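Secondary and tertiary structure notes
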Amino acid sequence: MSKSNELTRTAGAFDVRNFIGALLAIFGVILSIAGIVGFTPDEAERTGGIDANLWTGIGLIIAAAVFLIWAKLRPIRIVETPDDDADTGTEAAPGTN
């Protein structure tokens, strides 16, 4: 239902999927670096030879990519009408005139 007096814009950087994707990517990179640098034989014995930090970091990076791609391909559209811009929120309450 698009009307000629409606304007649409996207949420852009304020889309929550961008924040989630960025945080997952940061944590994923940190865990991946920890998995590459700090994998010791003692940790290998506790995890059955699997570098849990590395694989969890890779999984978080993949999840971050999914969130960021999703936000890019399907942005949230905000519909604005000219009446929305004129509303300043300073109107008097009913019956106070």
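Structure shown above.
About the cut-offs
- Residues numbered from 1 in each chain as written.
- Predicted model: local features only at pLDDT ≥ 70, side-chain atom pairs only at ≥ 80, totals over all residues.
- Heavy atoms only, no water.
- Helix = DSSP H or I, 4+ residues; strand = E, 2+ residues; numbered from the N terminus.
- Buried < 20%, exposed > 50% of the residue type's maximum accessible area, 1.4 Å probe, protein only.
- Contact = heavy atoms within 4.5 Å.
- Areas by Shrake-Rupley, 256 points an atom, 1.4 Å probe, with all protein chains shown as cover.
- Phe/Tyr/Trp six-rings, centres within 6.5 Å; stacked < 30°, edge-to-face > 60°.
- Lys NZ or Arg CZ within 6 Å of the ring centre and 35° of its normal.
- Axes fitted to C-alpha atoms, helices over the stretch in contact; angles between N-to-C directions.
- Parallel < 35°, antiparallel > 145°, perpendicular 65-115°, else oblique.
- Left-handed = near helix turned anticlockwise from the far one by under 90°.
- Nonpolar A, V, L, I, M, F, W, Y, C, P; charged D, E, K, R; others polar.
- Salt bridge = Lys/Arg side-chain N within 4 Å of Asp/Glu carboxyl O.
- Expected span 1.5 Å × (residues − 1).
- Patch = residues over 30% accessible without salt bridge, like charges linked within 9 Å, V, L, I, M, F, W, Y side chains within 5 Å.

Turning our attention to the overall build of the chain. If you tally the helices and strands in the chain, you get four helices and two strands. If you list the helices and strands of the chain from N to C, you get β-α-α-α-β-α. When the 97 residues of the chain are sorted by exposure, 13% land in the buried category. Partitioning the intrachain contacts of the chain with sequence separation of at least 6 by distance along the chain shows that 77% fall at a separation of at least 24. In the form shown here, the chain has an accessible surface area of approximately 7,600 Å², with 66% of it arising from carbon and sulfur atoms.

It is worth spelling out the packing of aromatic side chains at this point. Counted according to the given criterion, the structure contains one aromatic pair. Look at Phe67 and Trp70: their rings are 6.0 Å apart centre to centre, the planes differ by 50 degrees, and that puts the pair in the tilted class. With a gap of three residues between them, Phe67 and Trp70 both fall in helix H3 (residues 52-73), about one helical turn apart. Phe67 sits in the partly exposed class, given a relative accessible area of 23%. Here the guanidinium or amino end of Arg17 rests over the ring plane of Trp70, the centre of that ring lying 4.7 Å away.

This part covers the packing of helix H1 (residues 16-37) against H3. The interhelical angle for the contact between H1 and H3, taken along N-to-C directions, is 160 degrees, at an axis separation of 7 Å. Between H1 and H3, the angle falls in the class roughly antiparallel. Here H1 runs over H3; the crossing is left-handed. Here the contact of H1 with H3 is built from residues that sort into 19 nonpolar, eight polar and one charged.

Once that is clear, we can look at the pattern of salt bridges. Enumeration according to the criterion identifies two salt bridges in this entry. Of the charged contacts in the structure, one is a salt bridge between Arg17 and Asp15, with a shortest N-O distance of 2.6 Å. Note that Asp42 is salt-bridged to Arg46, the shortest N-O span being 3.7 Å. Here Asp42 and its partner Arg46 are both found in helix H2 (residues 41-47), four residues apart, which amounts to about one turn of the helix. Residue Arg46 is classed as exposed on the basis of its relative accessible area, which comes to 61%.

With that out of the way, let us pick up H3. If you check H3, its first and last C-alpha atoms are 31 Å apart, about what 22 residues at 1.5 Å a residue would give, namely 32 Å. Buried residues belonging to H3 abut H1.

We now examine a nonpolar patch on the surface. Side chains of Val29, Ile33, Ile36, Val37 and Ile61 sit close together on the surface and give an oily, nonpolar patch of about 490 Å² of accessible area. Per element, the largest residue contribution to the nonpolar patch is four residues, and it comes from H1. The residue Ile36 is located in helix H1 in this model. By relative accessible area, Ile36 is classed as exposed at 63%.

That is the geometry; function is a separate question.
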